[in-house]
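# Structure assessment
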Amino acid sequence: MEQTLSIIKPDAVAKNVVGKILDRFESAGLRIAATKKIQLSKADAQAFYAVHNQRPFFNDLVEFMISGPVVVSVLEGENAMAKNRELMGATNPQEAEPGTIRADFADSIDANAVHGSDSLENAKIEIDFFFAQRELC
Ligand code: CMP
């Protein structure tokens, strides 16, 4: 069974749509193997997004991700990684298909409501970043 990491970002948490977004995952047949609401530190956000640290948007991304709490979840199911990415829609909400999470809840490429792992290799790294094995059940 495949697992992937989801983050409901500070913009969506502030809009009080956590339940609506988690419902999208469950309604699509994904199971929530773990979930928690946390406030990232600057060091957390810099480490999590280290792959982007040379990109021009890195500092804004880190500041945004620590601007309020996030909800991190492990989603489990058949093709969980690809299914989550389909549910999220394109990174830029203006390019996201109607009915996707970003089309419905995101305002901009920075405040884009959700993050999802982009490969199975990264999913494992990202899950390990946030969760201990005993939290996955
Ligand atoms: P996420 O899937 O969390 O991965 C990195 C984030 O950087 C991305 O979503 C966007 O919110 C943000 N970002 C800002 N500008 C860009 C950009 N030009 N290309 C990709 N991601 C960007």
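Relevant structure appears above.
Residues numbered from 1 in each chain as written. Predicted model: local features only at pLDDT ≥ 70, side-chain atom pairs only at ≥ 80, totals over all residues. Heavy atoms only, no water.

### Looking at the site of the ligand
The local shell around the ligand consists of K9, Y49, H52, F57, L61, T91, R102, I109, D110, N112 and H115. The protein chains hide 77% of the 450 Å² of surface that the ligand would expose on its own. Broken down by class, the residue content of the shell around the ligand amounts to 4 nonpolar, 4 polar and 3 charged. (Near = heavy atom within 4 Å. Areas by Shrake-Rupley, 256 points an atom, 1.4 Å probe, with all protein chains shown as cover. Nonpolar A, V, L, I, M, F, W, Y, C, P; charged D, E, K, R; others polar.)

### Examining the nonpolar core
Of all hydrophobic cores here, the largest spans 21 residues; its most connected members are L5, I7, M65, V74, F130 and F131. Within the residue set of this core, elements represented by two or more residues are β1 (2-8), β2 (31-38), α3 (42-48), α4 (58-65), β3 (70-77) and α7 (120-130). It is α4 that contributes the most residues to this core, 5 residues altogether. Core analysis: the next-biggest nonpolar cluster, separate from the first, contains 18 residues, V13, V17, L22 and F25 among them. (Core = buried A, V, L, I, M, F, W, Y, C linked by side-chain atoms within 4.5 Å. Buried < 20%, exposed > 50% of the residue type's maximum accessible area, 1.4 Å probe, protein only. Helix = DSSP H or I, 4+ residues; strand = E, 2+ residues; numbered from the N terminus.)

### With respect to the side chain of D11
Looking at the secondary structure, you find D11 in helix α1 (residues 10-14). Buried and unpaired, D11 has K15 as its nearest opposite-charge partner, separated by 5.0 Å. Within the structure, D11 has its side chain in polar contact with the backbone nitrogen of A113 (distance 3.0 Å). Once you skip the residues sitting within four places of it in the chain, D11 turns out to touch F64, F105, A106, A111, N112 and A113. (Lys, Arg positive; Asp, Glu negative; His and termini not counted. Salt bridge = Lys/Arg side-chain N within 4 Å of Asp/Glu carboxyl O. Polar contact = N/O pair within 3.5 Å; in protein donor to acceptor, adjacent residues only side chain to side chain. Contact = heavy atoms within 4.5 Å.)

### Re the pairing of β3
In terms of burial, β3 is largely enclosed, as 8 of its 8 residues are buried. Both faces of β3 are covered, namely the face carrying V70, V72, V74 and E76 and the face carrying V71, S73, L75 and G77. Sheet topology note: the β1/β3 ladder contains 7 bridges and is antiparallel. Bridging from a neighbouring strand, S6 pairs with S73 of β3. (Pairing = 2+ DSSP bridges.)

### Observations regarding the side chain of N112
Along the polypeptide, N112 turns up in the loop between α6 (101-105) and β4 (114-116). Residue classification places N112 among the buried positions, given a relative accessible area of 2%. Sequence-distant contacts of N112, that is, excluding residues within four places in its chain, are made with K9, D11, T91, P93, R102 and A106.

### Examining the sheet that holds β4
Pairing is antiparallel in the open sheet, where 4 strands are placed in the order β2-β3-β1-β4. This sheet does not close on itself; its edge strands, each paired only once, are β2 and β4. Within the sheet, the average angular offset between the axes of one strand and its neighbour, ignoring direction, is 20°. As paired elements, β2 and β3 share 7 bridges and run antiparallel to each other. Pairing of I38 across the sheet is with V70, part of β3. Across the face of the sheet, helix α2 (residues 18-27) comes into contact with β1, β2, β3 and β4 while running at roughly 160° to β1. (Axes fitted to C-alpha atoms, helices over the stretch in contact; angles between N-to-C directions.)

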